[in-house]
Amino acid sequence: MTDTYTPPKVWEWESESGGRFANINRPIAGPTHDEELKVGKHPFQLYSLGTPNGVKVTIMFEELLELGITEAEYDAWLVNIGEGKQFSSGFVDVNPNSKIPALMDHSTNPPTRLFESASMLLYLAEKFGKFLPTDHHKRAEAINWLFWVQGSAPFLGGGFGHFYAYAPEKWEYPINRYAMEVKRQMDVLDRHLADNEYLAGDEYSVADMGTFPWYGGMARGVLYEAGEFLQVQDYKNVQRWAKQLNERPGVKRGMMVNRPYGEPETQLHERHDASDFENNTQDKRIARGEVPAPE
Ligand SMILES: N[C@@H](CCC(=O)N[C@@H](CS)C(=O)NCC(=O)O)C(=O)O
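These remarks concern the structure in this document. (Residues numbered from 1 in each chain as written. Predicted model: local features only at pLDDT ≥ 70, side-chain atom pairs only at ≥ 80, totals over all residues.)

**A look at the overall build of the protein chain**
Here is step 1: For the protein chain, the count of helices and strands is 10 helices and four strands.
Here is step 2: Ordered by position from the N terminus, the helices and strands of the protein chain form the series β-α-β-α-β-β-α-α-α-α-α-α-α-α.
Here is step 3: Within the protein chain, the fraction of its 295 residues that count as buried is 37%.
Here is step 4: For the protein chain, contacts bridging at least 24 residues in sequence account for 67% of all contacts bridging at least 6. (Helix = DSSP H or I, 4+ residues; strand = E, 2+ residues; numbered from the N terminus. Buried ≥ 20, exposed ≤ 12 C-beta atoms within 10 Å, placed from the backbone. Contact = placed C-beta atoms within 7 Å.)

Written out as structure tokens, the structure reads:
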């Protein structure tokens, strides 16, 4: 690959394009293999991974459970996208777009399939009458910001994150282009959060849950190790908002679910019961032999 490239008349799939995730990228949809999804005991079955898109939904479930809504109990199954599990026949039946998260609601007859994280947030908010303001203007504002994050985050993840952290080489043009856009987006949020406690105003909503994993992660410097590069400490209002959300027990738990990386105490590979979090302490993991005892 070179810096200058003249596109041929017809694009062709060059399967060895390089970069992290190159092995799972392909130009066709549909399943690659037959494999059914597992179904646990709870009304909701989530098939996901603890990426920013995945944890939007586990935060929502944990926030609903935090309110005592037991009908929101869920099983969260780990989908390893690096191994191509999003292309199984069972997964594609739930999400024809082959991306985590995918969700089934078995409390309806027939069960309801959900794909797209924001669709799940809205579905759950409407089903349980929580985290979506009922006031006309606040509700519109919550939906504005939820759509904003769905439209904006691909520039952060697929644009900036890809070229800054995952591409086979560092190219100045795309890194500049997306660094500029991500800083502009951070400033959009920063100006709005100067006059608003939460994205929809004074009510915590699905808009915050959808936005926090991406832009809160960026503000906390945990995404792509790009905190210094993008000088994220300058976005003071985003910093305040991210800190505030990060303190919420539902957010803390949601961020752990389906997370197979990071510090051991931040990981909960699958979640099938509320007690799974308690059993995740370092002491108990050492006792089960999952991690070595300190010297
Ligand atoms: N717009 C989608 C994006 C989902 C998405 O991009 N998921 C990524 C992980 S964060 C994925 O599953 N990638 C696997 C692949 O592209 O094959 C949503 O919000 O649900």
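Still more to cover.
**Focus: the nonpolar core**
Here is step 1: Ranked by internal contacts, the top residues of the largest apolar core, which has 71 residues, are Met-60, Leu-121, Val-206 and Val-238.
Here is step 2: Not counting the four nearest positions on each side in its chain, Val-206 is found in contact with Met-60, Leu-121, Leu-122, Ala-125, Phe-131, Leu-132, Ala-142 and Leu-146. (Core = buried A, V, L, I, M, F, W, Y, C linked by C-beta atoms within 7 Å.)

**Some remarks on the site of the ligand**
Here is step 1: The immediate surroundings of the ligand are formed by Ile-24, Thr-51, Asn-53, Ile-81, Gln-86, Ser-98, Lys-99, Ile-100, Pro-101, Glu-116 and Ser-117.
Here is step 2: When grouped by side-chain class, the residues that make up the shell around the ligand number four nonpolar, five polar and two charged. (Near = placed C-beta within 6 Å. Nonpolar A, V, L, I, M, F, W, Y, C, P; charged D, E, K, R; others polar.)

**Comments concerning unusual backbone geometry**
Residues apart from glycine generally show negative phi values, whereas peptide bonds are mostly found in trans.
Here is step 1: The omega torsion of the bond from Ile-100 to Pro-101 falls at 0°, within 30 degrees of zero and hence cis.
Here is step 2: On the secondary structure map, Pro-101 appears in the loop between helix H2 (89-94) and strand S3 (102-105).
Here is step 3: Cis geometry is found at the peptide bond from Asn-109 to Pro-110, where omega equals 0°.
Here is step 4: Despite not being glycine, Gln-231 has its phi angle at roughly 50°, a positive value.

**Some remarks on the pairing of strand S4 (residues 112-115)**
Here is step 1: Summarising the sheet, S3 and S4 pair through four bridges and their orientation is antiparallel. Within S4, the position partnered with Leu-103 by the bridge is Leu-114.
Here is step 2: Connecting the antiparallel pair S3 and S4 is a turn made up of six residues. (Pairing = 2+ DSSP bridges.)

**Examining the packing of helix H4 (residues 136-166) against helix H5 (residues 172-195)**
Here is step 1: Relative to each other, H4 and H5 sit at 145°, their axes nearing to 9 Å. Seen along the crossing, H4 lies across H5 with a hand that is left-handed. Contacts between H4 and H5 pair Ser-152, Phe-155, Leu-156, Gly-159, Phe-160, Phe-163 and Tyr-164 from the former with Pro-174, Ile-175, Tyr-178, Ala-179, Glu-181, Val-182 and Gln-185 from the latter.
Here is step 2: Residue composition of the contact of H4 with H5, by class: 10 nonpolar, three polar and one charged. (Axes fitted to C-alpha atoms, helices over the stretch in contact; angles between N-to-C directions. Left-handed = near helix turned anticlockwise from the far one by under 90°.)

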